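One-letter residues, chain by chain:
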Amino acid sequence: MPTSPNISAAAPRAAHPHRTAARCVTALTVLSLVVPAAGALTPLPQDRIRPRFTAPVWATPAPADTFTRNRATLLPDATRFAPAFRAPSATRCARPMRSHEEPGTQAHLAPNALKIGRAHPHAAPAAAHTSPDAAPAPSSGSETAGAASIAAEPAAADAGGTAADARERSGSATQAAKPTPSAPLIARPTPDAAPVTAGMVDDNASFAEYLAFRDRTQVAHRPMDVRERVLLQVRDPRGRAVPDAEVVVRATRGAAMWARTDAAGRAWLSPDTFDGDRGRFYEVTVRQGQARSSAVFQRGQQSAVDVTLDAAAPAQRARLDLVFLVDATGSMGDEIAKLKSTLRTIASEVAALPSRPDTCFGLVAYRDKTDAFVLRSHDFTNDLRAFQTVLDQLQADGGGDEPEAMNEALSEAVHALSWRGTGATRLMVLLADAPPHLDHAGPQYDATVRAALGKGIKVFSVGASGLNKQGETIQRQIAQYTGGRFVFLTYAQAQYPASGPGRETVHDVSNYSVDTLDRLIVRLVTDELAQLPQAKPRR
């Protein structure tokens, strides 16, 4: 019989068959991690790997008193990974109204200097507009006088400081006047003033129609690709909406956008507006106070993201910051008088809403760089009488070419006014009949509306008579991106504003109802505040 070989010294003991299989799987897993680049093994599908995201970057809080012309205090817009704005943080607006002016090239002229205003494109033959080809007419200079009479003493900073410190921060162009009592006023329209009628469309609710409008309207504008979007909904553990929650959306390569939820706890997120790499995964991080929560969504896989945030209880009383941003060039002359009465009514009725919101009012009027002033801004105040006095001083003049200084005025309203911090509802009414300059150096509206969404400012864009297709496109971009509405004035005959109030418009809209402008704006504000979660009544 042949002798059996001694295998105990030549080979290890046979392993248990289950352990052998386990070791093989482990070895393959290690190889798949070590040598995927060599092509030896197929790597795991990417949708089974949770992507890594950089730490979120939040907007730096602003000083307590943010009414400053020093743009260097804003975070630089040189990187797409950090916000180009400071978070709203003012604590109150119980101060006299403070005003600031940025002069134009005609600022050195005497009050009776000659000025030419851009004629209204649809004005009736008898309209008192000066043609650009006609001899210039003398100006009354009421605008310059008005600025000094309505500006109020700058108050000390909310977090401390003196009035002199506040004046220094607000710039040398700030003027002072004695503050007036804050007793509510009743709007005083002139007896012969016809009502201003308007319609409204919600381009976020009718998104397909909005995209069709964009496709058929080929005009110059700043590109903002919103075709692919996700609706973020933030709620607390009890299912209540969480308004004014800070939001950062980040791609895997670091590109980011910022937003704040509206009164209903929602925000529209459009990845292609900030991520040129068209990444696959995005992380949404939400915070309010010390509470923070995150979620991940995949491009093209879902239309909504729900996030639960253990936020603080709702406030007992709503806080509303409301700004009017108004084109005050000569082409608005046939409507400014009526609009002043309308804006007075809006301010009065908002201040007297049954919910009694803690309301602050602000105003930015603008013209163009070739006029006596580029813009005049009036920071927030809760003094309704002072605010309505500012409205009374509003006059139309200047202009010349079609575009106006909307870019500069929008940037002023978003970055320089003292928007209040966490818990406020921030709304802006933009009223204009011309587009902004797209060929000038300086701020551009697309960057500013991104900052507006990051600061939680919702814009209601109002198209006045004469607004062309380019202006309509841009105003609708601004409203849609910030979650607002596009409002447009209507007339008995669409092409002739002098025909009086009616239902007709030259704008590319459909399926709209008509109301007076004051009722429409008050209803929009009321509906916004009605979406706020209700606090438990105090016992």
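Summarised in this report is the structure supplied together with it. Predicted, not measured: the structure shown is a model, and the values here were computed from it.

### Observations concerning the sheet that holds strand 7 (residues 256–260)
Sheet strands associate in pairs through backbone hydrogen bonding, adopting either a parallel or an antiparallel arrangement. Spatial ordering of the open sheet is given by 7-6-9-10, a layout of four strands whose pairing is antiparallel. Each of the sheet's edge strands pairs with one partner strand only, and the pair in question is strand 7 and strand 10 (291–298). Each adjacent strand pair in this sheet contributes to an overall mean axis angle of 20°, direction not counted. Judged from the five bridges that link them, strand 6 (residues 246–251) and strand 7 form a sheet pairing that is antiparallel.

### Focus on the side chain of Gln-444
Tracing the backbone through its elements, the reader meets Gln-444 in the loop between strand 15 (424–432) and helix 9 (445–454). Within the local environment of Gln-444, its side chain forms a polar contact with the side chain of Asn-407, the two groups lying 3.3 Å apart. Residues contacting Gln-444, with those up to four places away along its chain left out, are Arg-222, Asn-407, His-437 and Leu-438.

### Concerning the side chain of Asp-368
For Asp-368, the position within the fold is in the loop between strand 13 (358–366) and strand 14 (373–381). Salt bridges are absent for the buried Asp-368, whose nearest opposite-charge side chain, Lys-369, sits at 6.9 Å. In this structure the side chain of Asp-368 is engaged in a polar contact, spanning 2.9 Å, whose partner is the side chain of His-437. In contact with Asp-368, other than residues within four places in its own chain, are Phe-373, Val-374, Asp-401, Pro-403, Glu-404, Ala-405 and His-437.

### Remarks on the pairing of strand 15
Of all nine residues in strand 15, nine are buried, a share of seventy percent or more. A two-sided burial pattern is seen for strand 15, the buried positions comprising Ala-424, Arg-426, Met-428, Leu-430 and Ala-432 on one face and Thr-425, Leu-427, Val-429 and Leu-431 on the other. The pairing of strand 12 (residues 319–327) with strand 15 spans eight bridges and is classified as parallel. Among the inter-strand pairings, Val-323 is bridged to a residue of strand 15, identified as Met-428. Looking at chain direction, strand 15 and strand 16 (residues 457–463) are connected through seven bridges and run parallel.

### Details of the sheet that holds strand 15
Read from one edge to the other, the open sheet built from nine strands follows the order 1-14-13-12-15-16-17-4-18, with strand pairing classed as mixed. Since the sheet does not close on itself, it has two edges, and those belong to strand 1 (99–103) and strand 18 (514–516), each with one partner. On average, each strand axis in the sheet is inclined to that of its neighbour by 20°, with strand direction left out of account. As paired strands, strand 13 and strand 14 are joined by five bridges and run antiparallel to one another. What sits directly across from Ala-365, in strand 14, is Arg-376. Most of the contacts of helix 6 (residues 333–351) go to strand 12, to which it runs at about 180°, and overall it touches strand 12, strand 13, strand 15 and strand 17 (486–490). Those strands touched by helix 10 (residues 469–482) are strand 4 (197–201), strand 15, strand 16 and strand 17, and its axis lies near 155° from that of strand 16.

How each quantity is defined
- Every chain is numbered on its own, with residues counted from 1 as its sequence reads.
- Whole-chain, interface and lining totals are the exception, using all residues; otherwise, since this is a predicted model, local features are given only for residues with pLDDT of at least 70 and side-chain atom pairs are given and counted only at 80 or more.
- Based on all heavy atoms of the structure, the side-chain values leave hydrogens and waters out of the count.
- In this analysis, strands are considered paired if DSSP registers two or more bridges between them.
- The helix and strand labels rest on DSSP assignments: H or I over at least four residues marks a helix, E over at least two residues marks a strand, and numbering proceeds from the N terminus.
- Helix axes are fitted to C-alpha atoms over the stretch in contact, other axes to C-alpha atoms as well, and angles between N-to-C directions run from 0 to 180 degrees.
- We define a polar contact as two N or O atoms separated by no more than 3.5 Å, with the added condition that, inside protein, one atom must be a possible hydrogen donor and the other a possible acceptor, whereas residues neighbouring each other in sequence contribute only through side-chain atom pairs.
- Note on contacts: a residue pair is in contact if any heavy atoms of the two residues lie within 4.5 Å.
- Exposure is judged per residue with a 1.4 Å probe applied to protein chains only, and the accessible area is read against the type maximum: over 50% gives exposed, under 20% gives buried, and values in between give partly exposed.
- Residues scored as positive are Lys and Arg, those scored as negative are Asp and Glu, and His as well as the terminal groups of each chain are ignored.
- When a carboxyl oxygen of Asp or Glu is within 4 Å of a side-chain nitrogen of Lys or Arg, the pair counts as a salt bridge.

Scope: geometric values only; no functional claims are made or implied.
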